[in-house]
Amino acid sequence: MVTHIALVWDTRSDYADFRSAYSQVLMGLEYGAPSLSESGRRWDWKGRSDRDSGAALWDESHLRVDILFGTDPKAVQTGTKALADYAARQR
Amino acid sequence: MELSRILASVTVIALVTLASGCGGLPEPAQYDPLPIPTTQPLAPEVRSKMHAVRDDVAAIRGLPVNDKIVEGVMEREAFRDHLSARSQLTGFGQRAYEDAMTISYQQMRILGPGEDLASSQLEHLGGGVAGFYDFSSRSLVVLEDVFSESLEGEETLAHEYVHSMQDAAHDLSKLHNRASGLRTEYASTLSCVIEGDATLTTAIYMAQTHGGEWQARLDSLLASASDGGPLERYSGFNYGECAAFVYRVWQRGGWDAVDALFEKPPSTTEQVLHVDKFFAGEGMKLARSIDVGDSIGSGWRNIASGGFGEFDVYLYLRAAGTADDVARRLAEGWGGGEVSLYSSHRMLLGGLMTW
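Residues numbered from 1 in each chain as written. Chains lettered and ligands numbered in written order. Predicted model: local features only at pLDDT ≥ 70, side-chain atom pairs only at ≥ 80, totals over all residues.

### Some words on the overall build of chain A
What counts here: A run of H or I in DSSP counts as a helix once it spans at least four residues, and a run of E counts as a strand once it spans at least two, with each numbered from the N terminus. Restricting the calculation to C-alpha atoms gives the radius of gyration, and the globule rule supplies 2.2 Å times the number of residues raised to the power 0.38. Three exposure classes are used, based on other C-beta atoms lying within 10 Å of a residue's own C-beta, which is placed from the backbone: buried for 20 or more, exposed for 12 or fewer, and partly exposed in between. Residues are defined as contacting one another if the C-beta atoms placed from their backbone atoms lie within 7 Å.
When helices and strands are counted, chain A shows two helices and five strands. Along its sequence from the N terminus, chain A presents helices and strands in the succession β-α-β-β-β-β-α. Against the 2.2 N^0.38 benchmark of 12 Å for 91 residues, chain A shows a C-alpha radius of gyration of 13 Å, consistent with a compact globule. On the principal axes, the C-alpha backbone points of chain A span a range of 35 × 30 × 25 Å. Counting every position in chain A, which comprises 91 residues, the buried fraction comes to 45%. Within chain A, counting contacts between residues at least 6 apart in sequence, those at least 24 apart form 37% of the total.

### Looking at the overall build of chain B
Along chain B, the regular secondary structure elements total 17 helices and six strands. Here chain B holds 355 residues, and 53% of them are scored as buried. For chain B, the proportion of contacts with a sequence separation of at least 24, taken over those separated by at least 6, is 72%.

### What to know about the confidence of the model for chain A
Atom-level detail of predicted coordinates should not be read off regions where pLDDT is low. What counts is decided by this rule: pLDDT is a per-residue confidence score from the predictor, ranging from 0 to 100.
Taken residue by residue, chain A gives an average pLDDT of 90. The fraction at 70 or more is 100%. For chain A, the element scoring lowest by mean pLDDT is strand S2 (residues 35-36) of chain A, at 88; strand S1 (residues 2-9) of chain A scores highest, at 95.

### Describing helix H1 (residues 12-28) of chain A
Under the convention used in this document: Helix span, as expected, comes to 1.5 Å for every residue beyond the first. Fitting one axis to the seven residues ending at a residue and another to the seven starting there, the bend at that residue is the angle between the two axes.
If you check H1 of chain A, its first and last C-alpha atoms are 24 Å apart, about what 17 residues at 1.5 Å a residue would give, namely 24 Å. The largest bend along H1 of chain A measures about 30° and falls at Tyr22 of chain A. Residues Tyr15, Phe18, Tyr22 and Val25 of chain A constitute the buried set of H1 of chain A. Contact partners of the buried residues in H1 of chain A: S1 and strand S4 (53-59) of chain A together with helix H15 (310-319) and helix H16 (324-331) of chain B. Following H1 of chain A by one or two positions, Glu30 of chain A has its phi on the positive side, about 65°.

### Points about the pairing of strand S6 (residues 334-344) of chain B
Going by this rule: Strands were regarded as paired on the criterion that DSSP finds at least two bridges between them.
A large share of S6 of chain B lies buried, amounting to 11 of its 11 residues. Both S1 of chain A and S6 of chain B contribute to a ladder of eight bridges, which runs antiparallel. By the bridge assignment, His4 of chain A is partnered in S6 of chain B with Ser340 of chain B. The pairing of strand S5 (residues 300-307) of chain B with S6 of chain B spans seven bridges and is classified as antiparallel. Along S6 of chain B, the bridge assignment pairs Gly306 of chain B with Val339 of chain B.

### Thoughts on the interface of chain A and chain B
For clarity, the cut-off: Amino acids outside the nonpolar list (Ala, Val, Leu, Ile, Met, Phe, Trp, Tyr, Cys, Pro) and the charged list (Asp, Glu, Lys, Arg) are all regarded as polar, and Gly is one of them.
Contacts between chain A and chain B engage 30 residues on the former and 32 residues on the latter. Looking at the side of chain A that touches chain B, the elements with two or more residues in it are S1, H1, strand S5 (64-70) and helix H2 (73-90) of chain A. Broken down by element, the side of chain A that touches chain B gets its largest block of residues, eight residues, from S1 of chain A. Among the residues forming the side of chain A that touches chain B, the class breakdown is 17 nonpolar, eight polar and five charged.

### Some details on the sheet that holds S5 of chain A
Applied cut-off: To obtain each axis, a line is fitted to C-alpha atoms, and for helices this fit is confined to the stretch in contact; angles are then taken between N-to-C directions over 0 to 180 degrees.
The sheet built from seven strands is open, its strands ordered S2(A)-S3(A)-S4(A)-S5(A)-S1(A)-S6(B)-S5(B) with antiparallel pairing. Every other strand in the sheet has two partners, leaving S2 of chain A together with S5 of chain B as the edge strands with one partner each. Lying on the sheet, H1 of chain A is in contact with S1, strand S3 (42-46) and S4 of chain A; it crosses S1 of chain A at an angle near 150°.

### What to know about the packing of helix H2 (residues 44-61) of chain B against helix H8 (residues 186-210) of chain B
For any two helices packed against each other, the geometry is given by the interaxial angle and the distance between the axes. Residues and elements named next belong to chain B. The condition is simple: Any angle that falls under 35 degrees is termed roughly parallel, while one over 145 is termed roughly antiparallel, one within 65 to 115 roughly perpendicular, and all others oblique. Here a crossing is called left-handed whenever its near helix is offset anticlockwise from the far helix by less than a right angle, and right-handed whenever the offset is clockwise.
One can describe the packing of H2 onto H8 by two numbers: an axis separation of 10 Å at closest approach and a directional angle of 115°. Considered as vectors, H2 and H8 are oriented roughly perpendicular to each other. In the packing of H2 onto H8, the handedness of the crossing is right-handed. Within the contact between the two elements, H2 uses Asp56, Val57, Ile60 and Arg61 and H8 uses Thr201, Ile204, Tyr205 and Thr209. By residue class, the composition of the contact of H2 with H8 is four nonpolar, two polar and two charged.

### Comments concerning the confidence of the model for chain B
Residue and element names in this part refer to chain B. Considering every residue of chain B, the mean pLDDT works out to 82; 83% of them sit at 70 or more. Counting interchain partners and residues more than four positions distant, the pLDDT-below-50 stretch residues 27-32 has 19 contacts. In the predicted assembly, ipTM is 0.94 and pTM is 0.85.

### Details of the environment of Tyr234 of chain B
Take Tyr234 of chain B: it is sitting in helix H10 (residues 230-236). Put simply, Tyr234 of chain B and Ala207 of chain B are 27 residues apart on the chain and 26 Å apart in space, counted from C-alpha to C-alpha.

### As for helix H6 (residues 152-170) of chain B
All names here are of chain B. Under the 1.5 Å per step criterion, the end-to-end length of H6 is 27 Å for 19 residues, consistent within 8% with the ideal 27 Å. The buried count for H6 comes to 14 of 19 residues, which makes it a mostly enclosed element. Directly after H6, the chain includes Asp171, whose backbone phi takes a positive value near 55°.

### Regarding the pairing of S1 of chain A
Within S1 of chain A, eight of the eight residues are buried, which leaves it mostly tucked inside the rest of the structure. Side chains Val2, His4, Ala6 and Val8 of chain A of S1 of chain A all project onto a buried face; the interleaved residues Thr3, Ile5, Leu7 and Trp9 of chain A project onto the opposite face, where all are buried too.

### Some remarks on unusual backbone geometry
All names here are of chain B. Located in the positive-phi region is Arg109, a residue other than glycine, with phi close to 65°. When you line up the elements, Arg109 lands in the loop between helix H4 (92-107) and helix H5 (117-124). Within the chain, Asp171 stands out as a residue other than glycine whose phi angle is a positive 55°. You can see Asp171 is positioned in the loop between H6 and helix H7 (172-177).

Encoded structure:
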């Protein structure tokens, strides 16, 4: 099972506020702090169990975040990579 | 998201006590309906009292009485059995959808570990419900003595009569069918209008008929908001936030403006929460839809998609423990959103227990 949530924010400030709050959300969901990619555009996290995982892709130019989480880590990783590739093509 | 659709998929009826609410993951295009059991005829004196309520409600709401409906009594046990049978007969696709949704809700903490969506709903249904209007069969069913001392039965009755009148005036089945396949919050906001209108009309009827505490309830409707945990908030949205929204529309444009909402409901829950954005026509910034199903791997497919609105963001943040004022402020920056669920063949075929 994979859930994909795509969100767009009204302003750069709204986007930044949500991004800064989202790490706390992950802590609240007991995922712990996410690992960040070098670019800072991608966050990855592990869940309470081995099968729970998630990722977020941050796209400041479009004030957008794509959040994927699910119970199949391989599927989450593959789906996130596909989204990242898509975003790269848009830049 | 749209719990109204979740609940509707479980019950397919408009229930007043717990009924469909806003929010929730999107529902699949089809589910398997099970007709409600045959009802018993009303006693003449009960029918007469019910019709007095109906006529008063019609006069307040400004809609004609719907005299095409079937009215009857159902024993509470028969109603519970119906709900149970309905859950057992859930179709293959619907079951997979509910299972997937349960996992998604658990990961968002909207459901706790070990909880599942269908059971959570069935726990509530059948106990506190006094009556309902089933728009599939156009039946108004009462489950108990609707004219007891508590007046709550009469309140339920008035509410359900409003639904029958809405149905005659606006064809609710047709409106609900428009939601199929949309990646927007349409289904949420349509349910919001239907229940918000019925809640407001009923509040006015009860205040005019019984005054006192009921007048106070009407007065407080403008500030009404759902409460409880995330799942309760989804369930209560239509009767809290939506009643307040419809009240504001009614204050500004009367019942004509409320009737217009059925053809053109608010486009987002953001508009429901901030009526000025509704009046200003501030819509959703479209999040470009990207279907990752094919990318995840063969055997994976999209089983449902829909809007993910301001209220969803707010509840997602609240479920994660974000303080109410912070969650509210962050969610207000929402510009648009959608959610999609993907499932594998393994899950579709094996279900939760074997996956």
